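Each chain, letter by letter, is given below.
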Amino acid sequence: MYQFCIFMSKIILIENHRLLKRVWILGCCILILSGCKEEIEIPEPLESYIFLYTSKVDAQAVNCGYTYYEEAGDRIKKHLRNSVPNLSKKELIELGNYFKNNYVVSPITEHTRSPWAIEIIERMKPFLIESGYSHTLFTLEDHSFSAFTVPGGNIFITTGLLDQINEIDELAYIIGHELGHNENNHTTELARLYKYVENKSNEGGILNYATTSITQLGSKICGKPDELECDLASMYLLHKAGYDPEIAMGGVELLKMYSEPKPEEDWRAALMAFFKSHPWSEDRDICIREYIQEAKFSAVCEHIYSNKKGFIATKQSPLELREFPIKRAKSIYKIPKGAKVQIVCDCIEQEYRINEEWLYVLYKTKDKKYYGWVDKKFIKPD
Ligand SMILES: [Zn+2]
């Protein structure tokens, strides 16, 4: 381009045409400022949300929803894990069918009558970590506002709930939440509990123990932290599936409408919470909103550098170039020690339990360019 500019300038100078000369000089200036210069590569627009977790969530590491009370549930789960051997997927699916045939009292429509529900589940499936489950959806002819899942991952939704849904994103929250129970093995824990009680009754003599209501214990092992895990898993899944987390909050609003309101007095709320298996919907609402906000911040670049800065990878082992500024994010490329990377932008400091700072960088191999995030600790100025 420079050669072309110079060539044209020479011709015009020779011809000595004043107007043409002025137009050309102006044009050249514009070209030099734009086209003649190498284009600055601004990265592709990033995700609008980068969630701390995928569909697997650790409630103990999240800011809200975990108390000493919940540790009782953890102890029960640990005991069950030690007492009941691992259950195969086939066993889980069989048990789920048994629950469906023996415990579900409302009439069931085999195929959900909501085309939205079918679309949602299909769009979420590629992002599930646990594989091998069909996640069949069933509609229950029931006026209550309810949805639940069973071991093996099949999902039941009442007509009462479907009737209240205004936006597909709201239903995506409900379905994502139910999938979250399977993704985080809550349904497996429930199956273990069932097997445990069944074994104890077969042993005989401990019938009193066996008759302890499964729902009583079930509420301990499928309690508040588990519900929270599913809410957060749902946000990841619905975002990945192309739905809007903020519109999906309408689903949480509906939940609030149909559940017991949280008492205004703290002491009363705390006392009642002790006997509740689910968190207060008001608390869930706050928790999920914060989680979405954090994900929004994580997706933002603080400074975009037009002149990319040269840095060198310093990590002993290869430096992971990650998809998102999160330690557990997928690795896109392993950058060898001493290789040059170019900083494209700074990510804002992560406040959500991770304090590393991340940089969005460009790494060029002989024939390919890779954009991704690296931990700032492992690179130094060239
Ligand atoms: Zn739930």
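See the structure printed just above.
What counts as what
Residues numbered from 1 in each chain as written. Predicted model: local features only at pLDDT ≥ 70, side-chain atom pairs only at ≥ 80, totals over all residues. Helix = DSSP H or I, 4+ residues; strand = E, 2+ residues; numbered from the N terminus. Buried ≥ 20, exposed ≤ 12 C-beta atoms within 10 Å, placed from the backbone. Contact = placed C-beta atoms within 7 Å. Axes fitted to C-alpha atoms, helices over the stretch in contact; angles between N-to-C directions. Parallel < 35°, antiparallel > 145°, perpendicular 65-115°, else oblique. Left-handed = near helix turned anticlockwise from the far one by under 90°. Nonpolar A, V, L, I, M, F, W, Y, C, P; charged D, E, K, R; others polar. Core = buried A, V, L, I, M, F, W, Y, C linked by C-beta atoms within 7 Å. Domains from an automatic or database assignment. Pairing = 2+ DSSP bridges. Expected span 1.5 Å × (residues − 1). Arc of directions from axis to C-beta.

Visitor: Got a minute to help me understand the overall build of the protein in this structure?
Guide: Looking only at helices and strands, the protein features 14 helices and 11 strands. Here the protein, with 382 residues, has 32% of them falling under the buried criterion. Put simply, 70% of the contacts in the protein that link residues at least 6 apart link residues at least 24 apart.

Visitor: Would you mind showing me how to read the packing of helix α5 (residues 115-124) against helix α7 (residues 168-183) here?
Guide: The geometry of a pair of packed helices is captured by two quantities: the angle between their axes and the separation between those axes. Running from amino to carboxyl end, α5 crosses α7 at an angle of 55 degrees, the nearest separation of the two axes being 10 Å. What the angle tells us is that α5 and α7 run oblique. Here the hand of the crossing between α5 and α7 comes out right-handed. Seen from α5, the contacting residues are W116, A117, I120, I121 and M124; seen from α7, they are I168, L171, A172, I175, G176 and L179. Split by residue class, the contact of α5 with α7 holds 10 nonpolar, 1 polar and no charged.

Visitor: Just to check I follow, could you spell out the nonpolar core for this structure?
Guide: Buried together is how nonpolar side chains tend to be arranged in soluble globular proteins. Core analysis: the biggest nonpolar cluster contains 63 residues, and A172, I175 and V374 have the highest contact counts within it. Ranked by residue count, the leading element in this core is helix α11 (residues 224-240), at 8 residues. Split by domain, this core shows at least three residues from each of two domains, domain 2 (59-296) and domain 3 (301-381). Ranked by size, the runner-up nonpolar core spans 10 residues in total, among them L92, L190, A191 and L193.

Visitor: Would you take a moment to explain the environment of K330 for this structure?
Guide: Among the structural elements, K330 can be located in the loop between β6 (319-322) and β7 (331-335). Overall, the presence of 11 C-beta atoms within 10 Å leaves K330 in the exposed class. Placed 10 residues apart in sequence, K330 and E320 show a C-alpha to C-alpha distance of 9.0 Å. Other than its neighbours up to four places away in sequence, K330 contacts R322 and E323.

Visitor: What should I look at first to understand the sheet that holds strand β1 (residues 108-109) in this one?
Guide: Two modes of strand pairing occur in sheets, parallel and antiparallel, and in both the strands are linked by backbone hydrogen bonds. The strand order across the open sheet formed by 4 strands is β1-β2-β4-β3, and the pairing between neighbours is mixed. Of all the strands in the sheet, just β1 and β3 (147-149) have a single pairing partner and so form its edges. Where β1 and strand β2 (residues 137-140) come together, 2 bridges link them in antiparallel fashion. Considered in β2, the bridge of T109 is made with T139.

Visitor: How should the packing of α7 against α11 be read in this particular structure?
Guide: Interaxial distance between α7 and α11 falls to 7 Å at its minimum, and their mutual angle equals 120 degrees. By the criterion of interaxial angle, the relationship of α7 to α11 is oblique. The hand of the α7/α11 crossing is right-handed. From α7, D169, A172, Y173, G176, H177, L179, G180, H181 and E183 reach across to α11, where they touch E229, C230, D231, A233, S234, L237 and L238. Counted by class, the contact of α7 with α11 contains 7 nonpolar, 5 polar and 4 charged residues.

Visitor: Looking at this structure, how should I read the pairing of strand β4 (residues 155-158)?
Guide: For a regular strand, side chains alternate in direction, first toward one face of the sheet and then toward the other. Strand direction decides the pairing type here: β2 and β4, joined by 4 bridges, are parallel. Counterpart to F138 in the pairing with β4 is F156. Bridge count between β3 and β4: 3 bridges; the pairing is antiparallel. When the bridges of β4 are listed, A147 appears paired with I157.

Visitor: Explanation requested: helix α12 (residues 245-257) in the structure shown.
Guide: Since there are 3.6 residues in each turn of an α-helix, residues three or four apart along the chain are aligned in direction. In a regular helix each residue adds 1.5 Å, so 13 residues correspond to 18 Å; α12 covers 19 Å between its end C-alpha atoms and thus fits that length. Taken together, the buried positions of α12 are occupied by P245, A248, G251, V252, L254 and L255. Mapping the buried residues of α12 onto a view down its axis gives an arc of 150 degrees, with all of them on the same face.

Visitor: What is the right way to read the environment of E94 from this model?
Guide: Considering the arrangement of structural elements, one finds E94 in helix α4 (residues 89-103). For E94, a count of 15 C-beta atoms within 10 Å puts it in the partly exposed group. The sequence separation of E94 and G152 amounts to 58 residues, and the corresponding C-alpha distance is 7.5 Å.

Visitor: For this particular structure, what's the right way to read the environment of I157?
Guide: Structurally, I157 can be placed in strand β4. Sequence separation of I157 and F138 is 19 residues, and the distance between their C-alpha atoms is 6.3 Å.

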